[in-house]
Amino acid sequence: MRLIMRNLLFALTPLCAFVPKIVYGQEGNRALPDPFTFNSGKKVKSVKEWEERRKEILETMTREMYGTSPGRPKNMRFEVFDLDKKALGGKATRKQVTVYIAENGREARFDLLVYVPNQAKHPVPAIIGLNFIGNQAIHADPGIKLTTAWVENSRMFPCAANGKATDACRGVNASQWAVDSILARGYALVTLYREEVASDRKEYAFQTGVHPLYPALQQREDNFSTVAAWAWALSRGLDYLETDRDIDAKRVAVFGFSRLGKAALWAGATDRRFAAVLSNESGAGGGKQFRRGIGEDINRLCTVFPHWYARSLNKYKGKDTELPFDQHFVLSLIAPRPVYLATAEDDKNADPQGEFATARAADGIYRFLGTSGFPDVPFPALNRPVSGQIGFHIRPGGHDVKMFDWIQFLNFSDLHLQK
Ligand code: GCU
């Protein structure tokens with residue numbers, strides 16, 4: 001109610017002495033595209049006008065980068081195939097749910113693993129995120145179903161046999177999922193496996209999971225990309241959570257690491273039901289500002305991972321520093337909802353300073369919408385989180401999800417989701 005009142009107030013107030021700290025379009029040939037200026041050149045003067053400009057930005061990012069996703073499917077059902085009220089030594093209730101989606105005579109399915117803390121007051125807030133190696137990889141709990149989708153056998157996760165998960169895949173990725181801490185802090189944890197949603201192997205891209213349900217969406221330049229499919233599946237996970245009485249679906253944060261952090265940001269940008277976004281080292285095509293021209297670039301993204309973004313992004317290869325948009329547009333779509341960008345010192349490809357630059361560049365929109373935005377501080381020292389409605393930290397070490405990252409995500413979520 002307070003939020004509605006506040007928005008109403010802003011909608012009625014013309015731009016109240018608001019001056020964004022960033023001067024868009026005034027940084028030499030690195031001019032930063034201005035979220036406050038309509039395509040027509042007109043300036044946004046009120047929150048009501050921002051709603052219109054937001055539509056333009058959503059259209060631009062969809063058309064030029066992420067591609068078009070289907071809406072909420074008409075034929076979707078949820079089957080809870082597992083319920084254990086005494087999971088993890090009695091700490092949690094474990095549910096496993098298959099999401100079935102049918103379209104154009106085909107059916108896709110993927111599983112959600114849900115842990116609800118037994119001690120907390122229900123309904124609880126939740127954190128939902130995609131995982132890399134299958135639901136069974138996030139915890140050694142023997143009750144988790146082994147994924148039947150393809151699983152990579154890498155140096156980091158040497159557990160699959162002929163592309164199939166084995167018992168050795170149980171808990172192989174547990175170090176990146178602070179399940180106990182998340183539950184102890186009163187959050188449910190929900191996860192789903194990227195390969196069940198859409199193949200991340202470029203030779204199988206668009207041929208597995210949800211993509212075959214929408215063949216027409218591949219026949220266009222702004223095709224339904226893999227990052228967009230992952231984001232869309234997170235929204236379907238939220239559709240399920242809206243039916244689960246243990247969860248408060250109005251307090252769900254979407255989390256992701258790396259490529260899955262890119263998807264989490266797009267999920268938050270496209271689905272306003274997500275109450276917060278927690279992005280861990282999402283880097284290029286995620287939290288990093290392309291315009292700095294540092295770290296992984298569009299050419300590499302479109303060449304090594306051609307399925308991640310829409311084909312339309314190819315036209316910007318080599319043009320990172322002159323894009324008509326940049327990733328602060330994605331944060332602007334998330335605004336005014338809280339978003340956290342976590343980075344790591346040795347994760348140079350993801351350009352931590354570039355993620356900081358994005359937070360800085362989105363501050364104006366966040367403050368315009370009546371929030372604290374991003375504190376006006378210099379690039380922080382290691383392990384010194386900066387926290388406003390936009391949060392940021394850089395920690396020592398490389399590309400990973402560490403306990404330090406989770407503690408900051410939980411502190412940030414407490415500020416915004418537990419009040
Ligand atoms: C590669 C890629 C990154 C991505 C990462 C990951 O390193 O270049 O953009 O974030 O994979 O998903 O782990």
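Whatever comes next refers back to the structure up there.
Notes on the structure in this doc start here. Everything numeric in this text was worked out from a predicted model, so none of it was measured.

The number of helices and strands found in the chain is 10 helices and 10 strands. Here the C-alpha radius of gyration of the chain, 20 Å, is about what a compact globule of 419 residues would show, namely 22 Å. For the chain, the spread of C-alpha atoms along the three principal axes comes to 55 × 45 × 45 Å. The buried share of the chain, reckoned over its 419 residues, is 58%. Taking as baseline every contact in the chain between residues at least 6 positions apart, the subset at least 24 positions apart corresponds to 68%. Only carbon and sulfur atoms are counted for the fraction: they give 53% of the accessible area of the chain, which is about 16900 Å². With 56 positive and 46 negative side-chain charges, the chain shows a separation of 3 Å between the mean positions of the two kinds.

Residues in contact with the ligand, as listed here, are Phe132, Ser258, Arg259, Lys262, Glu296, Arg300, Phe305, Trp308 and His399. At a separation of 2.6 Å, an oxygen atom of the ligand approaches a polar side-chain atom of Ser258. Bound to the protein, the ligand loses 82% of the 320 Å² it would expose on its own.

An ideal rise of 1.5 Å per residue puts 16 Å on 12 residues; helix α6 (residues 259-270) measures up with 17 Å between its terminal C-alpha atoms. Listed in full, the buried residues belonging to α6 are Leu260, Gly261, Lys262, Ala263, Ala264, Leu265, Trp266, Ala267, Gly268 and Ala269.

Taken across its 12 residues, strand β3 (residues 106-117) has nine buried, putting it largely inside the fold. Summarising the sheet, strand β2 (residues 92-103) and β3 pair through 12 bridges and their orientation is antiparallel. Residue pairing for β3: Ala92 is matched across the bridge by Pro117. In textbook terms, the turn of a hairpin is the stretch between consecutive antiparallel strands, and for β2 and β3 this stretch comprises two residues, one of which, Asn104, has a positive phi near 50°. As defined by bridge partners, β3 adjoins strand β5 (residues 188-193) across three bridges and the pair is classed as antiparallel.

In this section: the packing of helix α5 (residues 226-241) against α6. For any two helices packed against each other, the geometry is given by the interaxial angle and the distance between the axes. Contact geometry of α5 with α6 gives a least axis separation of 8 Å together with a crossing angle of 60°. In terms of axis orientation, α5 runs oblique to α6. The handedness of the crossing between α5 and α6 comes out as right-handed. Where α5 abuts α6, its residues Val227, Ala228, Trp230, Ala231 and Leu234 lie against Arg259, Leu260, Lys262, Ala263, Ala264, Trp266 and Ala267. For the contact of α5 with α6, the per-class residue count stands at 10 nonpolar, no polar and two charged.

About the criteria used
Residues numbered from 1 in each chain as written. Predicted model: local features only at pLDDT ≥ 70, side-chain atom pairs only at ≥ 80, totals over all residues. Heavy atoms only, no water. Helix = DSSP H or I, 4+ residues; strand = E, 2+ residues; numbered from the N terminus. Rg over C-alpha atoms; globule rule 2.2 N^0.38 Å. Buried < 20%, exposed > 50% of the residue type's maximum accessible area, 1.4 Å probe, protein only. Contact = heavy atoms within 4.5 Å. Areas by Shrake-Rupley, 256 points an atom, 1.4 Å probe, with all protein chains shown as cover. Lys, Arg positive; Asp, Glu negative; His and termini not counted. Charge placed at Lys NZ, Arg CZ, Asp CG, Glu CD. Near = heavy atom within 4 Å. Polar contact = N/O pair within 3.5 Å; in protein donor to acceptor, adjacent residues only side chain to side chain. Expected span 1.5 Å × (residues − 1). Pairing = 2+ DSSP bridges. Axes fitted to C-alpha atoms, helices over the stretch in contact; angles between N-to-C directions. Parallel < 35°, antiparallel > 145°, perpendicular 65-115°, else oblique. Left-handed = near helix turned anticlockwise from the far one by under 90°. Nonpolar A, V, L, I, M, F, W, Y, C, P; charged D, E, K, R; others polar.

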